[in-house]
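# Structure at a glance
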Amino acid sequence: MTTPTRSKNRISKKAASFTESVIREMTREAAKYGAVNLGQGFPDFAAPEDIKRRAQEAIAEDFNQYAITWGTKDFRDAIVEKTSWFLGLDIDPETEITVTCGSTEGMIAGMMATVDPGEEVIVFEPFYENYAPDAILSDAKPVHVALEFSESGWTFDRDALRDAFNNKTKAIILCNPNNPTGKVFTRDEMEFLAGLCIEFDAICFTDEIYEHILFGEQGQGAGDVGVREHISMAQIDGMRERTVVVNSLSKTYSVTGWRVGYCIAPPDISSAIRKVHDFLTVGAAHPLQKAGAYALSLPKSYYTELQQDYQRKRDFIVPVLQDVGFKCGSPEGAYYVMADIAEFGFSDDIEFTKYLIRDIGVAVVPGSSFYHDASLGSQQVRFCFCKKDSTLEAAAERFEKLR
Ligand SMILES: Cc1ncc(COP(=O)(O)O)c(C=O)c1O
């Protein structure tokens, strides 16, 4: 038998053009070297008992077959109810919600449903690493606008943002509260951005999975007054009809492995997202949507406690990092710290990250994975602090060796 000569590329240009997730690779590296994992953003503490119990009951009650492709009625109703009290938005469960396999699927389904080849999508940089492959897979042309760190926190140049918009701009991706920088966009910034979306008839994809993780000033003490308010892009005047809110159970309820998320979008966009979602995945796990309906109905005190716990963790880890030589501010929201490593004299973030894992025993994410041009992040790393107090204390102890 003759072996046919291979004349075709077996791997698509799209798949060949991005790498495996560096964040998830760091989790594997951490396990290999027994490092404390401050890399990937998942809690190492238990998920809430009552939410887990509801999932177990749902399986026992036999909610084990396909759910309605765009989500179970009770979960969509719970999303409506929660969005009403939390954001003051009135949404229609029949036409404006699509339940997805995590916000990850929500974002890519949203982009595939709206963007045509060659259309531009603006992305603030540094960005959550999924947005780059999302752009490639949906044939979008990403246009980057820098978020820059200064004494007053992470800011962007308004002229640079305006210059990024043009007639080919289809959408902008906003991540607020922001991963990896911890920035929380102010109302004024969001109104500026909204003005541009309206002027250029662009859609805003807003990833709001950290909507309940916002902080007050460093050192005020957990639960003190001054905790920042979450503003959704869909609340800004004129934006509701051009906004796709991407959200999920993952971070708010500490169930990143469940893969249940949702998109809230106007009916025409929702209908397109539902079609893409149906053929990508059919639907999210049925029993976990049942538990999701329960989770979204938890009292407001659940969110206050979550906020207080994370604020306490932030107030512990940030001074530890600053003390051993990292240059960083205190995040305003989400559970990450993006830090400058110039002090340590390494040629780049990859070398430093390897050293940190192998010699110090702490895994982090190299800064370059949040930039389209690796050199821009070569003197930064990202820490996450959604970890048990004992994990953060163990990391703090190991960081002592950096002095
Ligand atoms: C900004 C952002 N969006 C989306 C995700 C993924 O969320 P999900 O588990 O809902 O897919 C993450 C996870 O770290 C994230 O940080």
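In this text, all values refer to a predicted model and were calculated from it rather than measured experimentally.

## A word on the sheet that holds strand β7 (residues 169-175)
- Judged by pairing direction, the sheet is mixed, and its 7 strands sit side by side in the order β2-β10-β9-β8-β7-β3-β4 without closing on themselves. The open sheet has two edge strands with one neighbour each: β2 (97-100) and β4 (141-146). Within the sheet, the average angular offset between the axes of one strand and its neighbour, ignoring direction, is 20°.
- Inspection of the sheet shows strand β3 (residues 120-125) paired to β4 by 6 bridges, in the parallel sense. If you follow Ile122 over to β4, its bridge partner there is Val143.

## Observations concerning the packing of aromatic side chains
- Following the criterion strictly, the structure yields 27 aromatic pairs and no others.
- With a centroid separation of 5.1 Å and an interplanar angle of 25°, the aromatic rings of Phe344 and Phe352 are classed as stacked.
- Residue classification places Phe344 among the buried residues on the basis of a relative accessible area of 17%.
- Judged by relative accessible area, Phe352 falls into the buried class, the value being 0%.
- Three or more aromatic residues link up through ring pairs in this structure, and these residues are Phe326, Phe344, Phe346, Phe352, Tyr355, Phe383 and Phe399.
- When the ring centre of Phe63 is taken as origin, the NZ or CZ atom of Lys290, which lies over that ring, is 4.2 Å away.

Conventions adopted
Residues numbered from 1 in each chain as written. Predicted model: local features only at pLDDT ≥ 70, side-chain atom pairs only at ≥ 80, totals over all residues. Heavy atoms only, no water. Pairing = 2+ DSSP bridges. Helix = DSSP H or I, 4+ residues; strand = E, 2+ residues; numbered from the N terminus. Axes fitted to C-alpha atoms, helices over the stretch in contact; angles between N-to-C directions. Phe/Tyr/Trp six-rings, centres within 6.5 Å; stacked < 30°, edge-to-face > 60°. Buried < 20%, exposed > 50% of the residue type's maximum accessible area, 1.4 Å probe, protein only. Lys NZ or Arg CZ within 6 Å of the ring centre and 35° of its normal.

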